[in-house]
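# Structural overview for review
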Amino acid sequence: AAPQVTEAGSGDLTPLVTYWKGVLDTATTDPLYALYSLHRLCAPGSQYQSVIGMSWDSYLAHLTLFSPSPVVRKFAASLQVQSPIDQKAFSQAIAMADSLQGALSADNDFWYYYLTRKIFASVGMGDVDRAMSYFEELKPRAMTFDSLGTLAVERYLDILTGGRAS
């Protein structure tokens, strides 16, 4: 069982990080929740990153290659794209998305995720035209399976561009 934490922000969360890492190492009970929890506690700049024994990015790469759970491997790959965005390394995020997007292009959810990360990274770099180009690539296919998410991205770009996305 997971160590008990009585109040958010109280005490040392090292035992909890160690527990979630063990869940991911063995892909036992709820590994996606474990990865989500570790992301919140061990991402770059966090207090507990050293508990996992390597950098967060190295840990994600390790999970992407070696996790016994196919779902964890995909989710870790997704977080590998998000991590550079969180660190404002936008060009790196786009390159990472490009390298992973092709391998998972048949999976609508991951294809959509990687393309939207490229949109957000482009905006982060100040290249709204590039973001618009990615959105034009995204919209036709994405409207067939996630119209609400796609319209939210369109609205986001409309706000940035004064209505150019719609």
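Residues numbered from 1 in each chain as written. Predicted model: local features only at pLDDT ≥ 70, side-chain atom pairs only at ≥ 80, totals over all residues. Heavy atoms only, no water.

Time to look at the side chain of Ser 83. In this fold, Ser 83 is placed in helix α4 (residues 70-86). The contact partners of Ser 83, leaving out residues within four places of it in the chain, are Pro 44, Trp 56 and Asp 57. (Helix = DSSP H or I, 4+ residues; strand = E, 2+ residues; numbered from the N terminus. Contact = heavy atoms within 4.5 Å.)

What follows deals with the environment of Leu 79. Locating Leu 79 in the fold gives a position in helix α4. Looking at Leu 79, the relative accessible area reads 7%, which means it is buried. Along the sequence, Leu 79 and Trp 56 sit 23 residues apart, while their C-alpha atoms lie 9.8 Å from each other. Ignoring any residue separated from it by four or fewer positions in sequence, one finds Leu 79 in contact with Leu 35, His 39, Trp 56 and Leu 60. (Buried < 20%, exposed > 50% of the residue type's maximum accessible area, 1.4 Å probe, protein only.)

The next thing to look at is the pattern of salt bridges. Within this structure, the stated rule accounts for three salt bridges. The salt bridge involving Lys 118 is made with Asp 98; its shortest N-O contact spans 2.5 Å. In this pair, Lys 118 is assigned in helix α6 (residues 108-124) and Asp 98 in helix α5 (residues 90-101), connecting sequence segments 20 residues apart. Assessed through its relative accessible area of 5%, Lys 118 is described here as buried. Glu 154 serves as the salt-bridge partner of Lys 139, at 2.7 Å between the closest nitrogen and oxygen. Separated by 15 residues along the polypeptide, Lys 139 in helix α7 (residues 128-142) and Glu 154 in helix α8 (residues 147-161) bring together distant segments of the chain. Relative accessible area serves as the criterion here: at 28%, Lys 139 is assigned to the partly exposed category. With relative accessibility at 8%, the residue Glu 154 sits in the buried group. (Salt bridge = Lys/Arg side-chain N within 4 Å of Asp/Glu carboxyl O.)

Over its 15 residues, α8 runs 20 Å from end to end, which matches the ideal 21 Å to within 8%, given 1.5 Å per residue. Along α8, the residues that are buried comprise Gly 149, Thr 150, Val 153, Glu 154, Leu 157, Asp 158 and Thr 161. On its buried side, α8 packs onto α6 and α7. The first or second residue beyond α8 is Gly 162, which carries a positive phi of 70°. (Expected span 1.5 Å × (residues − 1).)

Evaluation of the coordinates by the stated rule reveals eight aromatic pairs. Plain terms: the ring middles of Tyr 113 and Tyr 114 are 6.0 Å apart, the flat faces sit at 70° to each other, and that makes the pair edge-to-face. Plain terms: the ring middles of Phe 120 and Tyr 156 are 5.3 Å apart, the flat faces sit at 80° to each other, and that makes the pair edge-to-face. Here Phe 120, found in helix α6, pairs with Tyr 156, found in helix α8; they are 36 residues apart in sequence, far enough to count as distant. Note on Phe 120: relative accessible area 27%, which makes it partly exposed. Ring pairs connect the aromatic residues Tyr 19, Trp 20 and Tyr 33, which therefore count as one cluster. One residue, Arg 117, lies across the ring of Tyr 113, its end atom 4.3 Å from the ring centre. (Phe/Tyr/Trp six-rings, centres within 6.5 Å; stacked < 30°, edge-to-face > 60°. Lys NZ or Arg CZ within 6 Å of the ring centre and 35° of its normal.)

Another aspect to go through is unusual backbone geometry. Phi at Lys 88 is positive, roughly 60°, even though this residue is not glycine. Inspection of the secondary structure assignment puts Lys 88 in the loop between α4 and α5.

Detail in the predicted coordinates should be disregarded across regions flagged by low pLDDT. Of the residues in the chain, 90% have a pLDDT of 70 or more, and the chain-wide mean is 86. The lowest-confidence element of the chain is helix α1 (residues 14-26), averaging 83 in pLDDT; the highest-confidence one is α7, averaging 95. (pLDDT = per-residue confidence, 0-100.)

The next thing to look at is the nonpolar core. Leu 24, Leu 35, Leu 38, Cys 42 and Trp 56 are the most contacted members of the largest nonpolar core, which totals 21 residues. Those elements giving two or more residues to this core turn out to be α1, α2 (31-42), α3 (56-66) and α4. Leaving out residues up to four positions away in the same chain, Leu 24 has contacts with Pro 31, Ala 34, Leu 35, Leu 38, Tyr 59, Leu 63, Ser 67, Pro 68 and Val 72. If you look at the next biggest cluster of nonpolar residues, it comprises 19 residues, including Phe 90, Ala 93, Ile 119 and Phe 135. (Core = buried A, V, L, I, M, F, W, Y, C linked by side-chain atoms within 4.5 Å.)

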